[in-house]
Amino acid sequence: MSAIEGAFCRSSPWRAFARRRMLPWALDGFDLHGDVLEIGAGSGAMAQGVARTLPDARLTVTDLDEAMVAAAAARLHRHPGVRVERADVTALPYPGGSFDVVTAYLMLHHVGDWRDSLSESARVLRPGGVFIGYDLTDTPLARAVHRLEGSAHRIIAAAELREALAVAGFTDIAVDTSVREHLMRFRAFKRAV
Ligand SMILES: C[S@@+](CC[C@H](N)C(=O)[O-])C[C@H]1O[C@@H](n2cnc3c(N)ncnc32)[C@H](O)[C@@H]1O
């Protein structure tokens, strides 16, 4: 991620907007429960919203970038049920079947091997567990903004995500686009055995 985007993700206007507007939109009424893993959590804005409003969720908040992990740890240290750890989503350091929910907010497009994020999320979920979140979609605007600010990215089309979720072993897949097709929120279940 570029310095510009890193600073944007850590800024207080974005954190407030993400927590108040994007989090309820992305979850769309889904009640986070049990053991919840957030991947690519940045500075912990969404996790802070979850920790405040859904105290029953046991949160593990992760990111690849040490600076983001430090920012999230500082933000979340008052919430005793929250673990903050460095983790690469393409090789998650958790045994299979560790979580009830995996959340991914605005992060898949930063992972070059984004399909590995899906298979790793499926692996660490318990049967019947949920992978939920949102991302940008592949529009000319999203591509232009990322080219200008210079961060590594691979913007994903909604149909491509739907197909890759199925390949990763998810079922009951919903990918809905919104805001004139600029955003997509997704929800998919790991097959119950
Ligand atoms: C645009 S930020 C989104 C942060 C946060 N989810 C939010 O909504 O504010 C994308 C995040 O994905 C993280 N990231 C990129 N590649 C990753 C990987 N392979 N594993 C884990 N996190 C990654 C980046 O470090 C960055 O914090």
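Residues numbered from 1 in each chain as written. Predicted model: local features only at pLDDT ≥ 70, side-chain atom pairs only at ≥ 80, totals over all residues.

Q: How do you make sense of the pairing of strand E3 (residues 83-86) when you look at a structure like this?
A: Consecutive side chains along a regular strand alternate between the two faces of the sheet. Note: strand E2 (residues 58-63) against E3, 4 bridges, orientation parallel. Counterpart to Thr62 in the pairing with E3 is Glu85. In this region the chain leaves E2, passes through helix H4 (residues 66-76) and returns to the parallel neighbour E3; the handedness of that crossover is right-handed. (Pairing = 2+ DSSP bridges. Helix = DSSP H or I, 4+ residues; strand = E, 2+ residues; numbered from the N terminus. Right-handed = clockwise from strand over helix to strand, strands pointing away.)

Q: Any chance you could explain the site of the ligand here in plain terms?
A: Taken together, 22 residues sit near the ligand, with Gly40, Gly42, Leu64, Asp65 and Val89 positioned nearest. Within the residue set of the shell around the ligand, elements represented by two or more residues are helix H1 (3-10) and helix H3 (45-53). Across the shell around the ligand, the residue classes tally to 14 nonpolar, 4 polar and 4 charged. (Near = placed C-beta within 6 Å. Nonpolar A, V, L, I, M, F, W, Y, C, P; charged D, E, K, R; others polar.)

Q: Would you take a moment to explain the environment of Met46 for this structure?
A: Tracing the backbone shows Met46 in helix H3. Take Met46: there are 25 C-beta atoms within 10 Å of it, and that puts it in the buried class. Expressed as a C-alpha distance, the spacing of Met46 and Ala72, which sit 26 residues apart in the sequence, is 10.0 Å. Here Met46 is in contact with Ala18, Arg19, Leu23, Glu38, Ala41 and Tyr105, once residues within four sequence places are set aside. (Buried ≥ 20, exposed ≤ 12 C-beta atoms within 10 Å, placed from the backbone. Contact = placed C-beta atoms within 7 Å.)

Q: Hey, could you run me through H4 in this one?
A: Two residues of an α-helix separated by three or four positions point the same way, owing to the 3.6 residues in each turn. Of all the residues in H4, the buried ones are Met68, Val69, Ala71, Ala72, Arg75 and Leu76. All buried residues of H4 fall inside an arc of 165° around its axis, so they share one side. Those residues of H4 that are exposed and angled more than 90 degrees off the buried face are Glu66 and Ala74. Where H4 is buried, its residues contact H1, H3, E2 and E3. (Arc of directions from axis to C-beta.)

Q: Help me understand the packing of helix H2 (residues 12-27) against H3 in this model?
A: Packed helices, taken two at a time, are described by the angle their axes make and the gap between the axes. It is at 8 Å that the axes of H2 and H3 come closest, and there the two elements cross at 55°. One finds that H2 runs oblique with respect to H3. Along this stretch, H2 crosses H3, giving a crossing that reads as right-handed. Residues Arg15, Ala18, Arg19 and Leu23 of H2 lie in contact with H3, whose contacting residues are Ala45, Met46, Gln48 and Gly49. Residue composition of the contact of H2 with H3, grouped by class: 4 nonpolar, 2 polar and 2 charged. (Axes fitted to C-alpha atoms, helices over the stretch in contact; angles between N-to-C directions. Parallel < 35°, antiparallel > 145°, perpendicular 65-115°, else oblique. Left-handed = near helix turned anticlockwise from the far one by under 90°.)

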